[in-house]
Amino acid sequence: MILTNKKQKNMTIGLVLSGGGARGIAHLGVLKALQEKKIKISGISGCSAGSIVGAMFAAGYSPDHIFEIVVSTSTLRALRPAWSRSGLLKMQKAEEVYLKYIPHNSFERLKIPLTVNATNLYAGETVYFSSGELLKPVMASCSIPGLFEPITFGENVLIDGGILNNMPIEPLIGKYDYIIGSHCNPFGMQQMPKSMSSIVQKSLFLAINNNSKGRLAKCDLVIEPPGLKLFDPYDIRKATGIFKAGYEFASQMELPELILVK
């Protein structure tokens with residue numbers, strides 16, 4: 001939807017960044033293209049992989065620099081070893097890595113307002129975070145069930161925000177004049193899964209995608225690179241191709257004049 005009755009002057013733009021595993025790297029390509037088009041982001045709401053991208057970008061890092069951090073050996077290694085008693089991975093070492101880049105660990109000290117969401121496992125509801133400690137809510141937003149151990153934060157036991165809301169537009173509605181949604185999970189799949197684990201993974205992403213449809217319709221502009229269908233959400237080895245898919249698609253899009261800075 002293109003809004004033609006809003007003035008360009010003082011236009012505020014909110015950006016929603018969906019979850020999507022490794023496909024979330026496409027958000028960085030989208031952000032790079034938006035910067036090149038002189039789009040100024042006023043506020044961000046992110047889920048799962050989108051929460052990491054949102055936190056790093058809101059902290060002042062460029063999309064290219066964030067890409068280097070996300071695919072660095074130390075970052076990837078942090079997600080591998082620390083197994084819990086339940087047989088699930090812990091997010092603690094990943095949190096320690098990101099703490100090096102955002103040492104203040106505070107929503108309030110970010111350069112762009114940010115909201116991230118997670119799922120309260122016991123209450124069965126979405127929880128939003130936009131103040132106080134930053135990185136633990138971000139890690140909770142990324143805690144894919146069956147892979148990562150739930151995170152206890154305050155009185156909440158939290159898992160991946162995408163389980164209930166993979167496109168958290170709600171915190172932006174009414175606060176910004178124009179909302180852009182970067183959705184890195186195009187609907188459909190390229191081939192049939194060949195193993196039980198891949199069937200479970202694909203089923204999880206189908207369920208997560210289903211809760212995004214109504215929210216995508218509320219965005220004024222949706223950026224959803226169709227080429228991302230070619231990439232597995234769990235395959236970080238294709239990071240460069242995923243980044244390129246997001247960047248090239250967003251670069252080629254014609255954006256409404258009212259959101260372009262003159």
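Sequence positions are assigned chain by chain, starting from 1 and proceeding in written order. Given that the model is predicted, a residue must reach a pLDDT of at least 70 before its local features are reported, and side-chain atom pairs must reach 80 or more before they are shown or counted; all residues, however, enter totals for whole chains, interfaces and linings. Note that the side-chain values use all heavy atoms of the structure and ignore hydrogens as well as water.

J.: Would you mind going over the packing of aromatic side chains in detail, with residue names and values included?
T.: Geometry of aromatic contacts follows a simple scheme: Phe, Tyr and Trp rings, the Trp one being its six-membered ring, pair when their centres are within 6.5 Å, and the pair is stacked under 30 degrees between planes, edge-to-face over 60, tilted otherwise. Applying the stated criterion across every chain yields a total of three aromatic pairs. The positively charged end of lysine 32 is found above the aromatic ring belonging to tyrosine 247, 5.3 Å away from the centroid. Note on criteria: charge over ring means Lys NZ or Arg CZ within 6 Å of the ring centre, with the direction from the centre no more than 35 degrees off the ring normal.

J.: Give me the lowdown on the confidence of the model for the protein chain, citing residues and values where you can.
T.: Caution is warranted with low-pLDDT regions, since their predicted coordinates should not be read in detail. Mean pLDDT for the protein chain: 87, with 84% of residues reaching 70 or above. Across residues 1-8, confidence stays below pLDDT 50; counting only partners more than four residues off in sequence or on other chains, it has 20 contacts. Per-residue confidence from the predictor is reported as pLDDT, a score between 0 and 100. Contact between two residues is taken to exist if any of their heavy atoms lie within 4.5 Å; hydrogens are not considered.

J.: Tell me about the pairing of strand E4 (residues 125-129), and please be specific about residues and values.
T.: A pair of strands is labelled paired if DSSP reports no fewer than 2 bridges between them. Counting from the N terminus, the helices are DSSP H or I runs at least four residues long and the strands are E runs at least two residues long. Note that strand E3 (residues 114-120) and E4 share five bridges and pair antiparallel. Note on E4: the bridge partner recorded for alanine 118 is valine 127. Linking E3 back to E4 in an antiparallel pair, the connection comprises four residues, with glycine 124 at a positive phi of about 65°.

J.: Kindly report on the environment of leucine 221, identifying the contributing residues and their values.
T.: Relative to the helices and strands, leucine 221 is located in strand E8 (residues 221-223). Between the C-alpha atom of leucine 221 and that of isoleucine 179, which follows or precedes it by 42 residues, the distance is 6.6 Å.

J.: Would you mind going over the packing of helix H1 (residues 26-36) against helix H9 (residues 239-252) in detail, with residue names and values included?
T.: To get an axis, fit a line to the C-alpha atoms, keeping to the stretch in contact for a helix; angles then go from 0 to 180 degrees between the N-to-C directions. Look at H1 against H9: their axes get within 6 Å of each other, and the N-to-C directions meet at 35°. Considering the relative orientation of H1 and H9, their crossing is right-handed. Here Ala26, Leu28, Gly29, Val30, Lys32, Ala33 and Glu36 of H1 come into contact with H9, specifically with Ile242, Phe243, Gly246, Tyr247, Ala250 and Ser251. Rotating anticlockwise by less than a right angle from the far helix to the near helix defines a left-handed crossing, while the corresponding clockwise rotation defines a right-handed one.

J.: If you had to explain the environment of glutamate 155 to someone new, which residues and values would you point to?
T.: When you line up the elements, glutamate 155 lands in the loop between strand E5 (151-153) and strand E6 (156-160). Through-space distance from the C-alpha of glutamate 155 to that of asparagine 120 is 9.7 Å; in sequence the pair is 35 residues apart.

J.: I'd like to hear about the environment of leucine 164, residue by residue, with values.
T.: Relative to the assigned elements, leucine 164 resides in the loop between E6 and strand E7 (178-182). Note on classification: 1.4 Å probe, protein chains only; a residue is buried when its accessible area is under 20% of the maximum for its type, exposed when over 50%, partly exposed between these limits. Relative accessible area serves as the criterion here: at 33%, leucine 164 is assigned to the partly exposed category. A C-alpha to C-alpha distance of 8.5 Å links leucine 164 and alanine 118, two positions 46 residues apart in sequence. For leucine 164, the residues in contact, after removing those within four places along its chain, are Thr119, Gly124, Glu125, Thr126, Asn211 and Arg215.

J.: How would you sum up the pattern of salt bridges? Please name residues and give values.
T.: Each reported salt bridge corresponds to a side-chain nitrogen of Lys or Arg within 4 Å of a carboxyl oxygen of Asp or Glu. For the structure shown, the criterion picks out six salt bridges. For aspartate 235, the salt bridge identified is with lysine 238, shortest N-O distance 3.9 Å. For aspartate 235, a relative accessible area of 12% puts it in the buried group. Classification of lysine 238 by relative accessible area gives partly exposed; the value is 44%. A salt bridge links lysine 244 to glutamate 248, with the nearest nitrogen and oxygen atoms 3.9 Å apart. Here lysine 244 and its partner glutamate 248 are both found in helix H9, four residues apart, which amounts to about one turn of the helix. Through salt bridges with shared partners, a single ionic network connects Asp235, Arg237 and Lys238.

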